[in-house]
Amino acid sequence: MGIIVERIAELIEDAPGWALVGLTVPQEGLREAARHEVAQHVYTALYRAIPTDGAQLALPLA
C-alpha cells in the first residue's frame, strides 16, 4: 500500500471511538453522523496548515 493509504488508515484508527462504533449501529442517522465525524477527522489531519516557526527566516523562492 502507498504512504497516503497507510496515513489514512492510521487516521481512521485514531478517530473518536464513538464515531468508529457509530459506523456499525442500526440507526441511519447515527451512522451518518459517525461517517461525517470520521471524514472530518481524516480531512482535518491531512489538510491542516503546517505550523511555522516564527523565529525562522523566510527565504525567497527565486
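It should be noted that the structure appears before, not after, this text.
Just so you know, these numbers come straight off a predicted model, no measurement behind them. Sequence order sets the numbering: in each chain, residues are counted from 1 along the sequence as written. Predicted model: local features are reported for residues with pLDDT of at least 70 only, side-chain atom pairs are reported and counted for 80 or more only, and whole-chain, interface and lining totals are derived from all residues. Values reported for side chains reflect all heavy atoms of the structure, with hydrogen atoms and water molecules removed beforehand.

A. Local environment of helix α3 (residues 28–47). For helices the rule is a DSSP run of H or I covering at least 4 residues; for strands it is a run of E covering at least 2, with both sets numbered from the N terminus onward. Any helix carries an expected span of 1.5 Å times its number of residues minus one. Taking 1.5 Å of rise per residue, 20 residues should cover 28 Å, and α3 covers 28 Å from first to last C-alpha, within 8% of that figure. Categorising residues by exposure relies on relative accessible area from a 1.4 Å probe, with only protein chains included: less than 20% of the type maximum marks a residue as buried, more than 50% marks it as exposed, and the intermediate range marks it as partly exposed. Looking at α3, one finds that the buried residues are Ala 34, Val 38, Val 42 and Ala 45. The arc enclosing the buried residues of α3, seen along the axis, measures out at 70°, which places them on a common side. The exposed set on the far side of α3, more than 90 degrees from its buried face, consists of Gly 29, His 36, Tyr 43 and Tyr 47. Tucked inside the fold, the buried residues of α3 contact α1 (3–13) and α2 (17–22). Each C-beta atom gives one direction from the helix axis, and the arc is the one those directions make. When checking whether two residues touch, look at their non-hydrogen atoms; a contact exists if any pair is within 4.5 Å.

B. Structural context of the packing of α1 against α3. Here, axes are lines fitted to C-alpha atoms. For helices the fit covers the stretch in contact, and angles between N-to-C directions go from 0 to 180 degrees. Between α1 and α3, the shortest axis-to-axis distance is 9 Å and the interhelical angle comes to 130°. The orientation of α1 relative to α3 falls into the category oblique. The interaxial crossing formed by α1 with α3 has right-handed handedness. Side by side, α1 and α3 meet where Arg 7, Ile 8, Leu 11 and Ile 12 of the first sit next to Val 38, His 41, Val 42, Ala 45 and Leu 46 of the second. Think of it as three bins: nonpolar holds Ala, Val, Leu, Ile, Met, Phe, Trp, Tyr, Cys and Pro, charged holds Asp, Glu, Lys and Arg, and polar takes everything else, Gly as well. Each residue belonging to the contact of α1 with α3 can be placed in one class, and the counts come to seven nonpolar, one polar and one charged. Should an angle fall under 35 degrees it is taken as roughly parallel, and over 145 as roughly antiparallel, whereas 65 to 115 is taken as roughly perpendicular and any remaining angle as oblique. Two helices crossing with the near one rotated counterclockwise from the far one by less than a right angle form a left-handed crossing, whereas a clockwise rotation gives a right-handed crossing.

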